[in-house]
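Here's the letter readout for the chains.
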Amino acid sequence: MNKTLIALSVACLSMTLSAQSMAASSTLETVKARGQLICGVNTAAPGFASVDSKGNWTGLDVDVCRAVAAATLGDASKVKFVPLSSPQRFTALQAGEIDMLARNTSWTMNRDTTTGALFTAVTYYDGQGFMVPKRLNVKSAKQLNGATICVQSGTSSEKSLADFFTTNNMKFKTVVFDTTEATQAAFFSGRCQAYTTDMSDLAGARTNSANPADYDILPEVISKEPLAPAVRRGDDEWYSIVRWSIFAMINAEELGLTKANIDQMKTTDKRPDVQRLVGASEDMGKMLGLDKDWSYRIIKQVGNYGESFEANLGPNSKLGLPRGNNNLWTQGGLLYAPPIR
């Protein structure tokens, strides 16, 4: 009798848990029901995420969010951008306040294992550096012994900064702030002798300063900072959607597909890789729970990776950054996406 009761209890518990699991909506279902993707971005990171006086967002991270919206909702404009400080970002992701985090965030072991976040794919290969006022006549980071350095709290920059000075047997003093804006304002007002963050952030900060020519970015790159969007752990389908939306942008550049030529290429370019990417042959979308045109919409509405890089970060943009490591693997860079087949 007792064994029977135990068996029934276990069966009932199993059915209850199963029902709860079925009732829980996936991120894709939540996004579709809402009709909008909620994307966590930086509060102020020119080239990655910034907003103008009219509320228009631009940047590489912004384009990644729009690519996911194009793939899932059919419209790249259906994104709500939520500005987050460094300390806020992972908490907001875990709490379900955002659907994905695209906030020029470094992919590290600690973050990958302790924050509840799952990183998807590297969108920018960066590294940490230093910026100093030109009047100090500092030409190398190894001349910063005893310097006061501005750094943002909750970032990997704090750890890498300490590692660099320890390795080189140097002393330093930090002035720490919670937001990008506060950290940069302190540096430009003269509260610190140096400012440290990712090299791309330094370039953006210098561009936004009152007198960019007054500041030098030192040559040393003191860390590896692979920047990648992240999603919450536990939703494999959503992870795959975000991951392959990024890969679609990279593959599109490699195959020569752009916003301007995709319609022509769809009908004239018979390469199997192209036909799959534009949705003209095999239905690759069903593997992600999406329709056949998911990747076509990304390219048509947002563009390929190279188009986004050139518009937001490249030599002809305000930041004027070279492609460098962020070139395609076929061009000597590190950018390499698995094939869509």
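In the block above lies the structure referred to throughout.
Residues numbered from 1 in each chain as written. Predicted model: local features only at pLDDT ≥ 70, side-chain atom pairs only at ≥ 80, totals over all residues. Heavy atoms only, no water.

(A) Layout of the overall build of the protein chain. For the protein chain, the helix and strand inventory stands at 13 helices and 14 strands. The principal-axis extents of the C-alpha atoms in the protein chain amount to approximately 80 × 65 × 40 Å. Expressed as a percentage of its 341 residues, the buried residues of the protein chain come to 51%. By sequence separation, contacts in the protein chain at least 24 residues apart represent 71% of the contacts at least 6 residues apart. (Helix = DSSP H or I, 4+ residues; strand = E, 2+ residues; numbered from the N terminus. Buried < 20%, exposed > 50% of the residue type's maximum accessible area, 1.4 Å probe, protein only. Contact = heavy atoms within 4.5 Å.)

(B) Here's a closer look at the packing of aromatic side chains. A complete count under the given rule lists 16 aromatic pairs for this structure. Ring centres 5.6 Å apart and planes at 15 degrees place the aromatic pair Trp107 and Phe119 in the stacked group. Taken together, the positions of Trp107 in the loop between β5 (100-101) and α5 (109-114) and Phe119 in strand β6 (residues 117-119) put the pair 12 residues apart, joining distant regions of the chain. Of the residues examined, Trp107 reaches a relative accessible area of 30% and is grouped as partly exposed. (Phe/Tyr/Trp six-rings, centres within 6.5 Å; stacked < 30°, edge-to-face > 60°.)

(C) Region of the structure containing empty space enclosed by the protein. Evaluated as defined, the whole model comprises 1 cavity of 30 Å³ or more. One number sums up the size of the largest cavity: a volume of about 190 Å³. Residue lining of the largest cavity: 19 residues in total, with Ser86, Thr155, Ser157, Thr197 and Asp201 positioned closest to the centre. At the level of elements, α4 (86-94), α6 (156-167) and β11 (194-198) are the ones that each hand at least two residues to the lining of the largest cavity. At 4 residues, the largest contribution of residues to the lining of the largest cavity is made by β11. Among the residues forming the lining of the largest cavity, the class breakdown is 2 nonpolar, 12 polar and 5 charged. (1 Å grid on protein atoms, 1.4 Å probe; cavity = no way out; pocket = protein on both sides within 12 Å on 5 of 7 lines; lining within 4 Å. Points joined across faces, edges and corners; volume = space filled by probe spheres on them. Nonpolar A, V, L, I, M, F, W, Y, C, P; charged D, E, K, R; others polar.)

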